[in-house]
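# Close look at the chain arrangement
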Amino acid sequence: QQQVKQSPQSLIVQKGGISIINCAYENTAFDYFPWYQQFPGKGPALLIAIRPDVSEKKEGRFTISFNKSAKQFSLHIMDSQPGDSATYFCAASRHGLGGKLIFGQGTELSVKP
Amino acid sequence: GAGVSQSPSNKVTEKGKDVELRCDPISGHTALYWYRQRLGQGLEFLIYFQGNSAPDKSGLPSDRFSAERTGESVSTLTIQRTQQEDSAVYLCASSRDLNTEAFFGQGTRLTVV
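A short tour of the structure in this document, coming up.

## Some points on the overall build of chain A
Helix and strand counts for chain A stand at 0 helices and 11 strands. Ordering the α and β elements of chain A from the N terminus gives β-β-β-β-β-β-β-β-β-β-β. Taken against the 2.2 N^0.38 rule, which gives 13 Å for 113 residues, the C-alpha radius of gyration of chain A at 13 Å falls within 12% of a compact globule. Each principal axis of the C-alpha distribution contributes one length, and for chain A these read about 40 × 30 × 20 Å.

## Some words on the sheet that holds strand β8 (residues 72-77) of chain A
All names here are of chain A. Here we have 5 strands laid out as an open sheet, ordered β1-β3-β8-β7-β6, and antiparallel in their pairing. Two strands bound the open sheet, and with one partner strand each, they are β1 (4-7) and β6 (56-59). Averaged over all adjacent pairs, the angle separating strand axes in this sheet is 15°, with direction ignored. Inspection of the sheet shows strand β7 (residues 62-67) paired to β8 by 6 bridges, in the antiparallel sense. Looking at the pairing, I64 lines up with L75 of β8.

## Quick notes on unusual backbone geometry
In the segment running from S7 of chain A into P8 of chain A, the intervening peptide bond is cis, with an omega of -5°. Looking at the element boundaries, P8 of chain A is found in the loop between β1 and β2 (10-14). Across the junction of S7 of chain B and P8 of chain B, the peptide omega takes the value -10°, indicating a cis bond. Within the element layout of this structure, P8 of chain B appears in the loop between β1 (5-7) and β2 (10-13).

## A look at the sheet that holds β1 of chain B
All names here are of chain B. An order of β1-β3-β8-β7 is seen for the 4 strands of this open sheet, with the pairing classed as antiparallel. Strands at the two margins of the open sheet, each flanked by one partner only, are β1 and β7 (65-69). Across the sheet, the mean angle from the axis of one strand to that of its neighbour is 15°, orientation sign disregarded. With 3 bridges connecting them, β1 and strand β3 (residues 19-24) associate as antiparallel partners. Considered in β3, the bridge of Q6 is made with C23.

Cut-off values and rules
Residues numbered from 1 in each chain as written. Chains lettered and ligands numbered in written order. Predicted model: local features only at pLDDT ≥ 70, side-chain atom pairs only at ≥ 80, totals over all residues. Heavy atoms only, no water. Helix = DSSP H or I, 4+ residues; strand = E, 2+ residues; numbered from the N terminus. Rg over C-alpha atoms; globule rule 2.2 N^0.38 Å. Pairing = 2+ DSSP bridges. Axes fitted to C-alpha atoms, helices over the stretch in contact; angles between N-to-C directions.

As structure tokens, then:
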């Protein structure tokens, strides 16, 4: 019940294309769903996060879509750029435990020029 | 400080030796978290602190692992009698409180030879 499953494991997208990464969770007590971006040799950095009271959140080129009934959420990166090449992690946590995150396995995104 | 600071950035140790990893959280952050990231994998929760107390140690892999926090500031993760399977990047994060986003340090890469 604590797992967060992430797919795909790796993704190659052409510059200007849309990158889509999907996550699914089991624990219905989760109510905070962040996405982290990690560059090699660096710690993860918060990219965007959503709570289950909304179905979509957009920040610039990054959008989270959330489907509460299906227990799924996804990250869309519009107009993908080579600088977006990184590993992306979805995560989930329960109220009051915002930093005790259950992470997905990560998606290595490569954006080709 | 500007962000979460971890030291050392790299540590190579011999099997059986003890190691101490240090984390300096963002000033004023009351919550502090430790994670482990094995090569090519997602982050694995180890322990969190609220102030100097550790309400949840559920992620510590064995009794060789321990952590403490003093002065609601610096935290130390200690691994006794290190094993090769302890080789990983150990990441620390802090948040203003338990309901706000967590910011990660760059991690300590531990290699046990």
